[in-house]
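Fold and geometry: a report
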Amino acid sequence: MADTAEKIMLTALRLFARDGYEAVSVSDIAGELGMTKGALYKHYKNKRDIFDRIVERMYRVDAESSQECGVPTDDPDGVGDGAEVTEKNIADFTISRFLFWTEDSFAADFRRMLTLEQYRSSEMAELYSMCIAEGPVRYMEGIFRKMISRGCMKNDDPRHMALEFYAPFFLLVNFSDRTDDRQRLLDMLERHISEFFRSRSYKEERS
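A brief report on the enclosed structure follows.

Scoring rules and cut-offs
- Residues numbered from 1 in each chain as written.
- Predicted model: local features only at pLDDT ≥ 70, side-chain atom pairs only at ≥ 80, totals over all residues.
- Heavy atoms only, no water.
- Phe/Tyr/Trp six-rings, centres within 6.5 Å; stacked < 30°, edge-to-face > 60°.
- Helix = DSSP H or I, 4+ residues; strand = E, 2+ residues; numbered from the N terminus.
- Buried < 20%, exposed > 50% of the residue type's maximum accessible area, 1.4 Å probe, protein only.
- Lys NZ or Arg CZ within 6 Å of the ring centre and 35° of its normal.
- Salt bridge = Lys/Arg side-chain N within 4 Å of Asp/Glu carboxyl O.
- Expected span 1.5 Å × (residues − 1).
- Contact = heavy atoms within 4.5 Å.

**Describing the packing of aromatic side chains**
Two measures describe an aromatic ring pair: the distance that separates the ring centres and the angle between the ring planes. One pass over the full model with this rule turns up 12 aromatic pairs. Aromatic pair Tyr 21 and Phe 51: ring centres 5.2 Å apart, planes at 55°, arrangement tilted. Of this pair, Tyr 21 sits in the loop between α1 (2-19) and α2 (26-33) while Phe 51 sits in helix α4 (residues 47-69), placing them 30 residues apart in sequence. Phe 51 shares its class with Tyr 21; the two are buried. Residues Phe 100 and Trp 101 carry aromatic rings whose centres are separated by 5.8 Å and whose planes lie at 50° to one another, so their mutual orientation is tilted. The same class applies to Phe 100 as to Trp 101, namely buried. Ring-pair connections join several aromatic residues into one group, and the members of that group are Phe 98, Tyr 166, Phe 169 and Phe 170. The ring of Tyr 21 has Lys 47 sitting right over it, with the charged end atom 4.1 Å from the ring centre. Above the face of the Phe 106 ring, Arg 57 is positioned so that its terminal group lies 4.9 Å from the ring centre.

And the structure:
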């Protein structure tokens, strides 16, 4: 039962990424899997139920990745005690995010679906912003603000720092859709992270 539900979810997401969420029907999903709509409804109430499960998984995987890399799982501007973030934590998290968005088929299809649908639905536009655009920038802004307050980074506008840090990541993830040489993109990202912290932290001046 679980395997069938998983196949339905993955197939639906692949179709959403190719044709857009609104254009895909339950009949399309069932037909792609060679099953009836009735069989599909044993696992999901409707198309929206499938979509909600997809989003839930993305949030869960994101939280797990954050925890593994030692960065806050929630808004770092909140009251949580995940403030003792190091440059290595951020580097590890950023690299893991890049590999996830570019090599994991579920994440890549999720990103493509939102990229398509952001122009057709205000809800999808908000989700795109939260997961891929404004959300990550705001998240890094909160982390940098706390690192500045701890004296780990030079005192500057954390919003500007977050934009400077995230923009190359965003571009390189998008470049990955048009090249098979992802290692070169990963090398560029690692260099960017290294250069960013070299210019922004006090480490060099204190050594």
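**Comments concerning the pattern of salt bridges**
Scanning all chains against the criterion turns up 21 salt bridges. Note that Arg 198 is salt-bridged to Glu 195, the shortest N-O span being 3.1 Å. In this pair, Arg 198 and Glu 195 both sit in helix α10 (residues 182-200), three residues apart, roughly one turn of the helix. Among the ionic contacts, a cluster of salt bridges with common partners joins Glu 134, Arg 138, Glu 141, Arg 145 and Arg 159.

**Details of helix α5 (residues 87-103)**
Counting along an α-helix, one turn takes 3.6 residues, and residues three or four places apart therefore face a common direction. Its 17 residues place the ends of α5 24 Å apart at the C-alpha level, agreeing with the 24 Å of an ideal helix rising 1.5 Å per residue. Regarding α5, the residues found buried are Glu 87, Asn 89, Ile 90, Phe 93, Thr 94, Ile 95, Arg 97, Phe 98, Phe 100, Trp 101 and Thr 102.

**With respect to the environment of Phe 144**
Its location among the elements puts Phe 144 in helix α8 (residues 134-149). Note on Phe 144: relative accessible area 0%, which makes it buried. In this structure the C-alpha to C-alpha distance between Phe 144 and Leu 13, which are 131 residues apart in sequence, comes to 34 Å. Residues contacting Phe 144, with those up to four places away along its chain left out, are Ile 90, Met 153, Pro 158, Met 161, Ala 162, Phe 165, Phe 196 and Phe 197.

**Observations regarding the environment of Tyr 166**
Mapped onto the elements, Tyr 166 comes out in helix α9 (residues 158-175). On a C-alpha basis, the gap between Tyr 166 and Val 137 in space is 6.4 Å, while along the polypeptide they are 29 residues apart. Here Tyr 166 is in contact with Ile 132, Ala 133, Pro 136 and Val 137, once residues within four sequence places are set aside.

**Examining the side chain of Arg 57**
Relative to the elements of secondary structure, Arg 57 occurs in helix α4. Note on Arg 57: relative accessible area 18%, which makes it buried. Each residue touching Arg 57, except ones within four places of it in the same chain, is listed here: Glu 6, Met 9, Leu 10 and Phe 106.

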